[in-house]
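Below are the chains, spelled out letter by letter.
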Amino acid sequence: ANQEDIFTSLCLPLVKGFLNGINGAMYAWGPTGSGKTHTISGTDGMIHRSLQHMFDHGKEMELYISFITIQNERVRDYLKEDLDQNGYPHRIREANGIIYIENLEKNQIFNLNDAVFNLKNGQERWHRNSTMMSDLPSRHWHIVTIWMEHHVTVPMGKKYYSARLDFIDCAGSQRITRQGASSVREAASINRSTTTFANVIQALIHRPCHVPYRDSKVTRILQHSLGNNCQTVMLGTMSPMECDVAESVSTLRHACDDGR
């Protein structure tokens, strides 16, 4: 499928729901090198197309953007200029039923150029930091979130509503031995995030049952976009490489399970 078809059939319904106050999430699942990042955050990807639609069709709303990565259960905010971030502990908090990341940078965006500028800066900081730390892309979860706040005039005054739309570039789903983990602890962390994410999706499908959001920072942060009042779309990507056959089959099974 090309980018236009993916956007029209999968992503556009999420964007329309978002503009009406419904939380949403699109997550790309598959082995490293299968096209997740290109499809989600490429120059003609789902984030770019979604933002374009928002600015073309949204009215009297405020939009904000954030960009984080998660590796080894550690959250990094790449819209902050300080790459060290030792002074900005990104703890996950909950207040009045709302889950949020402490000290998260959310920049207001007024047009598509603003959004592209923020994403480009975030991606450049991530690449610099990854180079300094010798990190591999397959170890990270990338989450770009668009936040919307809207005030609507009604007969009794003004009504306020908000929503968030998450674009999730999942850590590579290939076997841990192929992800380049530098230690047993790191391998366990990668596996924990991936397994917990899959378990949460399965628990949401087969309700009623306990949903293990708290077992991983990834799922805890995305709790409002995966459950309750939300729309979630999985984008499965597969590699034509022979060495990725097992991962491609696993992706198809994951997609079939999620589609039930």
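Use the structure listed above.
Residues numbered from 1 in each chain as written. Predicted model: local features only at pLDDT ≥ 70, side-chain atom pairs only at ≥ 80, totals over all residues. Heavy atoms only, no water.

Asker: Is there a simple way to explain the environment of Ala255 in this structure?
Answerer: Relative to the helices and strands, Ala255 resides in helix α8 (residues 245-258). Classification of Ala255 as partly exposed rests on a relative accessible area of 32%. Between the C-alpha atoms of Ala255 and Val233, which are 22 residues apart in sequence, the distance is 9.9 Å. (Helix = DSSP H or I, 4+ residues; strand = E, 2+ residues; numbered from the N terminus. Buried < 20%, exposed > 50% of the residue type's maximum accessible area, 1.4 Å probe, protein only.)

Asker: I would appreciate a short explanation of the packing of helix α1 (residues 3-19) against helix α3 (residues 46-57) in the present structure.
Answerer: For any two helices packed against each other, one specifies the inter-axial angle together with the distance between the axes. Relative to each other, α1 and α3 sit at 50°, their axes nearing to 10 Å. With respect to their mutual orientation, α1 and α3 come out oblique. Seen from above, α1 lies across α3 with right-handed handedness. For the pair α1 and α3, the contacting residues are Gln3, Glu4, Ile6, Phe7, Cys11, Leu12, Val15, Lys16, Phe18 and Leu19 in the first and Met46, Arg49, Ser50, His53 and Met54 in the second. (Axes fitted to C-alpha atoms, helices over the stretch in contact; angles between N-to-C directions. Parallel < 35°, antiparallel > 145°, perpendicular 65-115°, else oblique. Left-handed = near helix turned anticlockwise from the far one by under 90°. Contact = heavy atoms within 4.5 Å.)

Asker: Explain the nonpolar core to me, please; I cannot follow it from the model alone.
Answerer: Nonpolar side chains in soluble globular proteins generally cluster together in the buried interior. With 34 residues, the main nonpolar core has Phe18, Met26, Leu51, Met54, Leu63, Ile146 and Phe167 as its most contacted residues. Counting residues per element, the ones that place at least two in this core are α1, β1 (23-29), α3, β2 (61-71), α4 (112-133), β7 (141-154), β8 (157-169) and β9 (230-236). For this core, the element with the most residues is α1, which contributes eight residues. With residues near it in sequence (within four places) discarded, Leu63 still touches Phe18, Met54, Phe55, Asn107, Gln108, Ile109, Ile146, Trp147 and Met148. Trp141, Cys170, Ile201 and Leu222 belong to the second-largest nonpolar core, a separate cluster that totals 28 residues. (Core = buried A, V, L, I, M, F, W, Y, C linked by side-chain atoms within 4.5 Å.)

Asker: Sorry if this is basic, but what is going on with the environment of Arg49 here?
Answerer: The residue Arg49 is located in helix α3 in this model. Distance in space between the C-alpha atoms of Arg49 and Glu4 is 8.8 Å, their sequence separation being 45 residues. Discounting chain neighbours no more than four positions away, the residues touching Arg49 are Gln3, Glu4, Phe7 and Asp44. A distance of 2.5 Å separates polar atoms of two side chains, one belonging to Arg49 and the other to Glu4. (Polar contact = N/O pair within 3.5 Å; in protein donor to acceptor, adjacent residues only side chain to side chain.)

Asker: What am I meant to see in the pairing of β8 here?
Answerer: Pairing of β1 with β8 involves five bridges; the strand directions are parallel. Note that in β8 the partner of Ala28 across the bridge is Asp169. Bridge analysis of β7 against β8 gives 13 bridges, and the strand direction is antiparallel. In the strand pairing of β8, Ile146 is matched with Leu165. Hairpin connection between β7 and β8: a loop of two residues separates the two successive antiparallel strands. (Pairing = 2+ DSSP bridges.)

Asker: I would appreciate a short explanation of the pairing of strand β4 (residues 92-95) in the present structure.
Answerer: Consecutive residues of a regular strand have side chains that alternate between opposite faces of the sheet. With four bridges connecting them, β4 and strand β5 (residues 98-101) associate as antiparallel partners. From the neighbouring strand, Ile92 faces β5, where its bridge partner is Ile101. From the end of β4 to the start of β5, which pair antiparallel, there are two residues, and Asn96 there has a positive phi angle of about 55°.

Asker: In this structure, what is going on with the pattern of salt bridges? I would like to understand it.
Answerer: Opposite charge on two side chains permits pairing when their charged atoms draw close. Tallied over the entire structure, the rule returns eight salt bridges. With a closest N to O distance of 2.6 Å, Glu94 and Arg220 form a salt bridge. A residue pair is termed long-range when its members are at least 10 positions apart, and Glu94 in strand β4 and Arg220 in helix α6 (residues 217-221) qualify at 126 residues. For Glu94, a relative accessible area of 43% gives the class partly exposed. In this structure Arg220 comes out as buried when scored by relative accessible area, which is 11%. Several salt bridges converge on common partners, so that one network encompasses Glu4, Asp44 and Arg49. (Salt bridge = Lys/Arg side-chain N within 4 Å of Asp/Glu carboxyl O.)

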